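So you can see what is in the structure, the chains are spelled out below.
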Amino acid sequence: MTVNIPRVLSPFTFILSNPLASFREKKKRVFIVSSLFVQMSTCSLEHPNGQEADSVPAKRLYKGECAQDGSVGGGNASRAVEVSIVMPVHNASCWLDDCLQGILNQDYTGSMELSVYDDASTDGSRAIVEGWRERLERRGVSMVISGHDSAQPRGVGHAKNQAVSQSSGTYLCFQDADDVMMPQRIHLQYEACLFNSTSLIGCQVRRDPEGSTERYTRWINNISQDQLSTQVYTSHGPTVVMPTWFCSRDWFQRVGTFDEGGKGVPEDLLWFYQSVGQGGGVVRVDQCLLVYRYHQQAATHSVMEETIWNLRVAFLQERVINQWESFTIWNAGKQGRKLYRCLRSFNQKKVRAFCDVDENKIKKGFYTYEESKERPKPQIPVLHYRDASPPYIICVKLDMTGGVFEENLKSLHLEEGVDYYHFN
């Protein structure tokens, strides 16, 4: 599923497309689509809107019963929360002030809560979060904070599940404690989610420090809306990155909780694959709504490359290769041969050829699968890419050849998601 919002020529298209809609519905649609066309300034860590933080957003009001003194949402009055910000925390003290300031700066005027689960921090992180309670609640953001102080953290998956479980919002906005959301993030993703209730909503990001993971950042921000669904098998992982996720609680509950295997488990990739596997869409709001920090303490560095590889191969076979009668692996080098060796035996038999541009590989004429127990050992032809035939699984890294590979692929006039899928 892809989002239609970026392709809308005018907010008034919604009115013209449904002349029988009521005036109230027309007005609502014009407002939602108009707000998605609002342009924002370049992401910045220092008050992106150029104003003092406490004077930026309008105060949000709790939806609850009024106390006798006229205040709203006090005591045990029940209140319907529209958006819960879900934030696991583990030793994030050096980033929390920037992160919480970003939450304070949100221009979304619906009801919000911040649900924090502290996973055995030892650096005073929980005290820092508590220190923001008054400022956030004064702005209308309620807070739920819990955690544990065991000797060892229980992992990101556990912390996220606990933060979701204790929250009450109709929609979930996932936030990492080391990142900073821009003022428009929640309201733009909320509005996109209204039209894509069974989708995972992401956004464009700015990497901090600037220039870190340059190719990855370009990919995050620039792949097309259609490629958000077709490039889910690449080594980059989820096509919308975890710190930008926004979805309805209903959809989260349908997909299920995060894996709680702990350190080394890519809980975000596993959940992403489960969501896509259940027919969930992937949508990106094409504005920079998050400062996405890169540092060596990030949990992602604990996940081994081979773990990611095995998950990708399994998902590729389940979703694509199992449905094909035969196919070509584009890349007769190390990565293409590794993919072939990792396929199930019945899918190995579907590989009609490898293709490449390397004359030495092409002149040899074939690849021999030496590890095979079959006799004679399988020999797979190696062809020039112009002599091969689709569909292809492409094991060539993108954005690495100055555009040469991309032009070669384009010259074949193929359709991504039908004639080929990117794997590397």
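J.: Just checking my understanding: could you explain the packing of aromatic side chains for this structure?
T.: When we look at a pair of aromatic rings, we describe it by the centre distance and by the angle of the planes. Within the structure shown, the criterion is met by 27 aromatic pairs. Considering the side-chain rings of Phe 174 and Phe 258, the 5.8 Å spacing of their centres and the 90° angle between planes classify their relative orientation as edge-to-face. Pair noted here: Phe 174 is in strand β4 (residues 171–174) and Phe 258 is in the loop between α10 (249–255) and α11 (267–277), with a separation of 84 residues, a long-range link. Judged by its relative accessible area of 2%, Phe 174 falls in the buried class. By relative accessible area, Phe 258 is classed as buried at 3%. Ring plane angle 40° and centroid distance 5.5 Å describe the contact between Trp 245 and Trp 271, whose orientation is recorded as tilted. With Trp 245 in the loop between α9 (227–230) and β7 (246–248) and Trp 271 in helix α11, this residue pair connects regions lying 26 residues apart in the sequence. Like Trp 271, Trp 245 is buried. Connected via pairs of aromatic rings, a cluster forms that spans Phe 174, Tyr 233, Trp 245, Phe 252, Phe 258, Trp 271, Phe 272, Tyr 273, Phe 315, Trp 324, Phe 327 and Tyr 421. Residue placement shows Arg 135 over the ring face of Trp 132; its charged tip is 3.8 Å from the ring centre.

J.: Just checking my understanding: could you explain the pairing of strand β12 (residues 379–384) for this structure?
T.: When a strand is regular, its side chains alternate between the sheet's two faces. Inspection of the sheet shows strand β10 (residues 351–356) paired to β12 by three bridges, in the parallel sense. By the bridge assignment, Phe 354 is partnered in β12 with Val 382. Across three bridges, the pairing between strand β11 (residues 366–368) and β12 is antiparallel. Along β12, the bridge assignment pairs Phe 366 with Pro 381.

J.: Before we go on, may I ask you to explain the nonpolar core in this structure?
T.: The nonpolar side chains of soluble globular proteins are, as a tendency, buried together. By size, the foremost hydrophobic cluster in this structure holds 95 residues, and its most contacted members are Leu 114, Phe 174, Leu 339 and Ile 393. Leu 114 has contacts with Ile 85, Met 87, Leu 100, Ile 103, Leu 136, Val 141, Ser 142, Met 143 and Val 144, leaving out every residue within four places of it along the chain.

Calculation criteria
- Residues numbered from 1 in each chain as written.
- Predicted model: local features only at pLDDT ≥ 70, side-chain atom pairs only at ≥ 80, totals over all residues.
- Heavy atoms only, no water.
- Phe/Tyr/Trp six-rings, centres within 6.5 Å; stacked < 30°, edge-to-face > 60°.
- Helix = DSSP H or I, 4+ residues; strand = E, 2+ residues; numbered from the N terminus.
- Buried < 20%, exposed > 50% of the residue type's maximum accessible area, 1.4 Å probe, protein only.
- Lys NZ or Arg CZ within 6 Å of the ring centre and 35° of its normal.
- Pairing = 2+ DSSP bridges.
- Core = buried A, V, L, I, M, F, W, Y, C linked by side-chain atoms within 4.5 Å.
- Contact = heavy atoms within 4.5 Å.

Geometry only, nothing functional implied.
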